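# Structural overview for review
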There are 2 protein chains.
Amino acid sequence: LLVIKAIVEYDGTDFSGFQRQPNRRTVQGELERSLESIFREPVKVIGSGRTDAGVHARGQAISFTAPEQFPADKICLALNSELPIDIRVQSSETVGDDFHARYSAKSRTYIYVVLNREAPSALLARYVWHLRNPLDLSEMRRAADGLVGIRDFASFGMPDKPGASTIREIKSIRIAQRKSAVFFAVRGNAFLRGMVRAIVGTLVEVGTGRRNPDDMSEILAAGSRDAVKVIAPSRGLYLTSVEY
Amino acid sequence: LLVIKAIVEYDGTDFSGFQRQPNRRTVQGELERSLESIFREPVKVIGSGRTDAGVHARGQAISFTAPEQFPADKICLALNSELPIDIRVQSSETVGDDFHARYSAKSRTYIYVVLNREAPSALLARYVWHLRNPLDLSEMRRAADGLVGIRDFASFGMPDKPGASTIREIKSIRIAQRKSAVFFAVRGNAFLRGMVRAIVGTLVEVGTGRRNPDDMSEILAAGSRDAVKVIAPSRGLYLTSVEY
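Since this is a predicted model, take the numbers as computed values, not measurements.

Turning our attention to the interface of chain B and chain A. Note on interface size: it is often stated as the accessible area lost on association of the parts. At the interface, 26 residues of chain B touch 26 residues of chain A. Counting each side, the surface lost to burial between chain B and chain A is near 1,700 Å², with a carbon and sulfur contribution of 60%. Linking chain B with chain A are zero salt bridges. Counting across the chain B and chain A interface gives ten residue pairs in polar contact (both at pLDDT 80 or more). Of all elements in the fold, only β1 (2-10), β3 (56-66), α2 (75-82) and β4 (87-95) of chain B reach the threshold of two or more residues within the side of chain B that touches chain A. At four residues, the largest contribution of residues to the side of chain B that touches chain A is made by β4(B). Here the side of chain B that touches chain A is built from residues that sort into 14 nonpolar, four polar and eight charged.

Another aspect to go through is the pattern of salt bridges. Counting across every chain of the model gives 32 salt bridges over all chains. Among the ionic pairs, A:Arg142 bridges to A:Glu139, the shortest N-O distance being 3.7 Å. With A:Arg142 and A:Glu139 both in helix α3 (residues 137-145) and three residues apart, this pair spans about one turn of that helix. Take A:Arg142: its relative accessible area is 43%, and that puts it in the partly exposed class. A salt bridge links B:Arg142 to B:Asp214; its shortest N-O distance comes to 3.3 Å. In this pair, B:Arg142 sits in helix α3 (residues 137-145) while B:Asp214 sits in the loop between α4 (195-207) and α5 (216-222), placing the two residues 72 residues apart along the sequence. Several salt bridges converge on common partners, so that one network encompasses A:Arg25, A:Glu30, A:Arg33 and A:Asp86.

Before going further, it helps to examine the relation of the copies chain B and chain A. After a rotation of 180 degrees and a shift along the axis of 0.0 Å, chain B superposes on chain A with an RMSD of 0.0 Å. The superposition operator between the copies reduces to a two-fold rotation axis. Comparing interface residues between copies, 100% of those in chain B also sit at the interface in chain A, which points to an isologous, same-surface contact.

Residues and elements named next belong to chain A. Interaxial distance between helix α1 (residues 27-39) and helix α2 (residues 75-82) falls to 9 Å at its minimum, and their mutual angle equals 115 degrees. In this structure, α1 crosses over α2, and the sense of that crossing is right-handed. Only Ile75, Ala78, Leu79 and Glu82 of α2 make contact with α1, whose side of the interface consists of Ser34, Leu35, Ser37, Ile38 and Phe39.

Turning our eyes to something else, we now look at unusual backbone geometry. The backbone phi angle of A:Arg40 is positive, close to 60 degrees, even though this residue is not glycine. For A:Arg40, the position within the fold is in the loop between α1 and β2 (46-47). On the basis of relative accessibility, which here comes to 75%, the residue A:Arg40 falls in the exposed class. Its identity as a non-glycine residue notwithstanding, B:Lys179 has a phi of 50 degrees, on the positive side. Structurally, B:Lys179 is set in the loop between β8 (167-178) and β9 (181-188). Taking relative accessible area as the criterion, B:Lys179 reaches 81% and is therefore assigned exposed.

On to α2(A), then. Within α2(A), the full set of buried residues consists of A:Ile75, A:Cys76, A:Ala78, A:Leu79 and A:Asn80. Residues of α2(A) that are buried sit in contact with β1 (2-10), α1, β3 (56-66) and β4 (87-95) of chain A.

In this section: the packing of aromatic side chains. Tallied over the entire structure, the rule returns 15 aromatic pairs over all chains. Centre to centre, the rings of A:Tyr127 and B:Tyr127 are 6.0 Å apart; their planes meet at 80 degrees, and the pair counts as edge-to-face. Of the two residues, A:Tyr127 is situated in the loop between β5 (107-116) and β6 (129-131) and B:Tyr127 in the loop between β5 (107-116) and β6 (129-131); the pairing between them involves two chains. Comparing A:Tyr127 with B:Tyr127, the two get one shared label, buried. Geometrically, the ring pair formed by B:Phe153 and B:Phe156 is edge-to-face, given 6.2 Å between the ring centres and 65 degrees between the ring planes. Each member of the pair, B:Phe153 together with B:Phe156, is buried. Aromatic rings pair up to connect A:Phe39, A:Phe64 and A:Phe70 into one cluster.

All names here are of chain A. Counted residue by residue, strand β9 (residues 181-188) has six buried out of eight residues, so it is predominantly covered. Pairing analysis gives eight bridges linking β5 to β9, with the strands arranged antiparallel. Across the sheet, tyrosine 110 pairs through a bridge with valine 186, a residue of β9. The sheet contact formed by strand β8 (residues 167-178) and β9 spans eight bridges and is antiparallel. Within the sheet, the bridge partner assigned to arginine 178 lies in β9 and is alanine 181. Once β8 ends, the chain turns through two residues before running back antiparallel as β9, passing lysine 179 with a positive phi of about 50 degrees.

With that settled, consider the pairing of β1(B). All names here are of chain B. The buried fraction of β1 amounts to eight of the nine residues, a majority that puts the element mostly inside the structure. Where β1 lies against β3, eight bridges are found, and the strand directions are antiparallel. Opposite isoleucine 7, over in β3, you have alanine 61 as the bridge partner. Two elements, β1 and β4, share eight bridges in a ladder whose sense is antiparallel. Of the residues in β4, the one forming a bridge with lysine 5 is glutamate 93.

On to the environment of A:Asp226. Locating A:Asp226 in the fold gives a position in the loop between α5 (216-222) and β10 (237-243). Residue classification places A:Asp226 among the exposed residues on the basis of a relative accessible area of 61%.

Here we come to the confidence of the model for chain A. Mean pLDDT over chain A works out to 96, with 100% of the residues at or above the 70 mark. Both scores are given for the predicted complex: the pTM is 0.93, the ipTM 0.91.

How each quantity is defined
Here, residues in each chain are numbered from 1, in the same order as that chain's written sequence. Here every chain gets a letter starting at A, and every ligand a number starting at 1, in the order they are written. Per-residue local features are limited, in this predicted model, to residues with pLDDT of at least 70; the limit for side-chain atom pairs, both in listing and counting, is 80 or more; totals at the level of whole chains, interfaces and linings are taken over all residues. Excluding hydrogens and water, the side-chain figures rest on all heavy atoms present in the structure. What makes two residues a contact is simply this: any of their non-hydrogen atoms within 4.5 Å. Computed with a 1.4 Å rolling probe, the buried area is the accessible surface lost when two parts are put together, summed over both parts. By convention in these notes, a salt bridge is any Lys or Arg side-chain nitrogen within 4 Å of a carboxyl oxygen on Asp or Glu. Throughout this description, a polar contact denotes any pair of N or O atoms lying within 3.5 Å of each other; where both atoms belong to protein, one of them has to be capable of donating a hydrogen while the other can accept it, and for residues adjacent in sequence the pair is counted only when both atoms sit in side chains. Here a helix means four or more residues in a row that DSSP labels H or I, a strand means two or more in a row labelled E, and each is numbered from the N terminus. Gly is placed with the polar residues, together with every amino acid not listed as nonpolar (Ala, Val, Leu, Ile, Met, Phe, Trp, Tyr, Cys and Pro) or charged (Asp, Glu, Lys and Arg). Residue burial is assigned from relative accessible area. The probe radius is 1.4 Å, only protein chains are included, and a residue is buried under 20% of its type maximum, exposed over 50%, and partly exposed in between. What sets the superposition is a least-squares fit of C-alpha atoms, and only residues with pLDDT of at least 70 in both copies go into it. To obtain an axis, a line is fitted to C-alpha atoms, over the contacting stretch when the element is a helix, and the angle between two such axes runs from 0 to 180 degrees between their N-to-C directions. Less than a right angle of anticlockwise turn of the near helix away from the far helix marks a crossing as left-handed, whereas a clockwise turn marks it as right-handed. Two aromatic rings from Phe, Tyr or Trp, using only the six-membered ring of Trp, form a pair when their centres are within 6.5 Å; if the ring planes differ by under 30 degrees the pair is stacked, by over 60 it is edge-to-face, and anything between is tilted. By definition, two strands form a pair when at least two bridges between them are found by DSSP. By definition, pLDDT measures how confident the predictor is in each residue, and it falls between 0 and 100.

As structure tokens, then:
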């Protein structure tokens, strides 16, 4: 058996998230169904992490095992001809036997996109959070600095298993504007469920003057989901890369 | 009665084109339905031109009449709260009584987007034409020069009414590349049905070496739809602006 690593892009709009669930359309479910149809045997797909319903990916990393006799360089094309149009494999390669898309990952980078202008966009409706009120980038950057580091993010999200650790490391939060788009790039070792969206929602409150940048330490200290008031909608969120 | 001009953006994917048709979801149909619900009377919407099924618009211009007592500056917000998410009005203004979105238009600009790289994109699947073979921009520009001017474009498209003139003026065709996206910007006084897609399809044949840039005069001279072999798919096409 060969271990294969692949980079996958998907439009999360019409999926109930990454993780396979019975009777739901999921990214993992579609990937496993397509691989089974190619290899003619059951395949278990491992993702670098679960993305929530509606969240997109430009660079989700997955791993799975393939039969030796299947040419590894053909997997990418074969998968794209089996997969639905809203999932596209960008590349695939043979990796070492010990590679595991989730456990081998050192960090993940998410980008959140806000369309910050008066007029809404029909063409971007599935892909951004439209906000009319101008965002103050320097205030948001000051608040973001208060979240970087190894911290207990219990206020910002839930662990996959109840009772598991809520300590994560945020390595960087960069906020940039190009024309009317505001981008939030958040890199961390791993993320709790809903964590990036809770962070962006809270930063947007700061950016519109409804919260003080210094509130972050209080929110972190609260250790309760009630401390976060705004969760950014999933349509603006992209898992952009996984670092190994 | 007031005459209102509005600029409309739409995602053409789920529409049977701009023009109202019975039992089909159309942009004009949705606009008229929404305006009727706001004004509580039948409204006739005039577009600068018809876009085909699946074609998008960033700046379609429309005109319609509104009751005097309705505040003109409220129309944009009122429309956006009535319209489906894949149509968004960008702006609206009161114009002179003689304004007609179609007959007053001096020119239209369309942009066609090709994703020109090996890997397909899930996030852009609805919005670009994906082509793996590298396009030769200078060859395509040479071919495009042969189409600019006042010419009979019968080979490239059909008039709205059978037997009507097929003479149009193309004012400019500009071709640019940014990263893996190739953009074709075509400005003309007016366009036949399918004309921009037939032009882009033919230029792509030139760009991949399957046609000679000097073929354009022969294709024009043929005066027959059979002379054009490739029609670019509608998902890459955007009506971007209408000039008055």
